[in-house]
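The primary structure of each chain is shown beneath.
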Amino acid sequence: MHNVTKHEVTLHINGEDRTLVIRHADTLLDVLRLQCGLTGAKPGCENGDCGACTVIVNQLPYKSCIMLAIEATGHTIMTIEGLKHSPIQRAFAKCYAFQCGYCTPGFIMNAHAMLLHDTSIDEPTIQEWLESNICRCTSYEEIASAIRMAMSTMNANLPDNSKPNSPST
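As the structure is a prediction and not an experimental result, all values here were calculated from the model. What you see as residue numbers is a count from 1 along each chain, following the sequence as written. Per-residue local features of the predicted model are confined to residues with pLDDT of at least 70, and side-chain atom pairs are confined, for both listing and counting, to 80 or more; whole-chain, interface and lining totals are unaffected and use all residues. The basis for every side-chain value is the complete set of heavy atoms in the structure, and neither hydrogens nor water enter the calculation.

### So, the sheet that holds strand E3 (residues 54–57)
Any two strands are treated as partners once DSSP identifies two or more bridges connecting them. Each helix is a run of DSSP H or I of at least 4 residues and each strand a run of E of at least 2, with the numbering of both proceeding from the N terminus. Spatially, E2-E1-E5-E3-E4 is the arrangement adopted by the five strands of the open sheet, whose pairing is mixed. Only two strands of the sheet have a single partner each, and these edge strands are strand E2 (16–23) and strand E4 (60–63). Across this sheet, the average inter-strand angle for adjacent strands is 45°, counted without regard to direction. Across the sheet, helix H1 (residues 28–35) is in contact with strand E1 (6–13), E2, E3 and strand E5 (76–78); its angle to E2 comes to roughly 110°. Where helices are involved, their axes are fitted lines through C-alpha atoms of the stretch in contact, as for all axes, and angles between N-to-C directions lie from 0 to 180°. The contact criterion used throughout is that any non-hydrogen atoms of two residues lie within 4.5 Å.

What follows is the structure, encoded as structure tokens:
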């Protein structure tokens, strides 16, 4: 047998630096789940199609099953465990935007990333972002409703001069 080279890296996950020993071939999903105990990102297809493993890297959604952990060094990673009662999480619960729940963390992370960039999103944009994740249990209408509710909540909490389409003072 040949020796597998492992490297010590520091990943910035949910606001904390974590020093880990990984192989170059380890996916971010495996490192998060097996070494960090962060099991919110789920293995589904393990080829980037379903989105159950979605995490946020530098405020953008990434499929952690197809991202190598070593690629995440020097970047900010947020998992579902790092959200802490965000508007999108509350909206998912209020809108019953889940059934079995397996895909829910991925949808929440994808929607959260979308809302980080804009809180005045139109329906075609919501639909486009939803296309990157798959749910086999529920219709996507409840998920879209949750996104609209979170958007409304976030806009209501903005100061008047920060709201989209509001005249600046």
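Once the structure has been displayed, the description carries forward.
### As for the pattern of salt bridges
Within this document, salt bridges are pairs made up of a side-chain nitrogen of Lys or Arg and a carboxyl oxygen of Asp or Glu, the two lying within 4 Å of each other. All told, the structure shown has three salt bridges when counted by the stated rule. With a closest N to O distance of 2.9 Å, Arg23 and Asp26 form a salt bridge. Note on exposure labels: buried denotes an accessible area under 20% of the residue type's maximum, exposed denotes more than 50%, and partly exposed covers the range between, all computed with a 1.4 Å probe on protein chains only. Taking relative accessible area as the criterion, Arg23 reaches 32% and is therefore assigned partly exposed. Residue classification places Asp26 among the buried residues on the basis of a relative accessible area of 12%. Glu141 is the partner of Arg148 in a salt bridge, and the nearest nitrogen-oxygen pair spans 2.8 Å. Its relative accessible area of 28% is what places Arg148 among the partly exposed residues.

### Comments concerning the nonpolar core
In these notes, a set of buried Ala, Val, Leu, Ile, Met, Phe, Trp, Tyr and Cys residues joined through side-chain atoms within 4.5 Å is what counts as a nonpolar core. One finds Ile88, Phe92, Phe107, Ile126, Leu130, Ile143 and Ile147 to be the most contacted residues of the largest nonpolar core, which totals 26 residues. Broken down by secondary-structure element, the contributors of at least two residues to this core are helix H2 (87–94), helix H3 (104–117), helix H4 (123–130) and helix H5 (141–156). Contacts of Ile147, omitting those with residues within four sequence positions, involve Ile88, Ala111, Met114, Ile126 and Leu130. Counting residues in hydrophobic clusters, the runner-up holds 20 residues, among them Ile13, Ile22, Cys36 and Leu38.

### Thoughts on the environment of Asp122
With respect to the secondary-structure elements, Asp122 resides in the loop between H3 and H4. Along the backbone, Asp122 and Pro87 are 35 residues apart, and their C-alpha atoms lie at a distance of 18 Å. Among the polar contacts made by the side chain of Asp122, one reaches the side chain of Thr125 at a distance of 2.5 Å. Under the rule applied, a polar contact is a pair of N or O atoms within 3.5 Å (in protein, one hydrogen donor and one hydrogen acceptor; residues adjacent in sequence only if both atoms are side-chain atoms).

### Here we look at the packing of aromatic side chains
Where two aromatic rings form a pair, the distance of their centres and the angle of their planes describe that pair. Note on ring pairs: Phe, Tyr and Trp rings are taken, using the six-membered ring of Trp, and paired if centres are within 6.5 Å. Classes follow the plane angle, with under 30 degrees stacked, over 60 edge-to-face and the rest tilted. In total, this model carries one aromatic pair according to the counting rule given. Note on Phe107 and Tyr140: the rings are 5.7 Å apart at their centroids and 65° apart in plane angle, and the pair reads as edge-to-face. Highlighted residues: Phe107 in helix H3 and Tyr140 in the loop between H4 and H5, separated in sequence by 33 residues. A residue is classified by how much of its surface remains accessible, and Phe107, at 1% relative accessible area, is buried. You can call Tyr140 partly exposed: its relative accessible area is 28%.

### Things to note about the side chain of Thr27
As for its placement among the helices and strands, Thr27 is situated in the loop between E2 and H1. Within the structure, Thr27 has its side chain in polar contact with the backbone nitrogen of Asp30 (distance 3.1 Å). Each residue touching Thr27, except ones within four places of it in the same chain, is listed here: Ser64, Cys65, Met67, Leu68 and Ala69.

### A closer look at the layout of surface pockets
A cavity, in this analysis, means grid points on a 1 Å lattice covering only the protein atoms where a 1.4 Å probe fits yet has no way out; a pocket is instead an open set bounded by protein on both sides within 12 Å along at least five of seven lines, and a residue lines either one if it has an atom within 4 Å of a point. Grid points are joined across faces, edges and corners, and a volume is the space filled by probe spheres set on the points. Taken as a whole, the largest pocket encloses approximately 220 Å³ of empty space. As for the largest pocket, its lining consists of Gly44, Cys45, Asp49, Cys50, Ala52, Cys100, Tyr102, Cys103, Ile134, Cys135, Arg136 and Cys137. Each residue receives one of three labels: charged for Asp, Glu, Lys and Arg, nonpolar for Ala, Val, Leu, Ile, Met, Phe, Trp, Tyr, Cys and Pro, and polar for the others, Gly being one of them. Residue composition of the lining of the largest pocket, by class: nine nonpolar, one polar and two charged.

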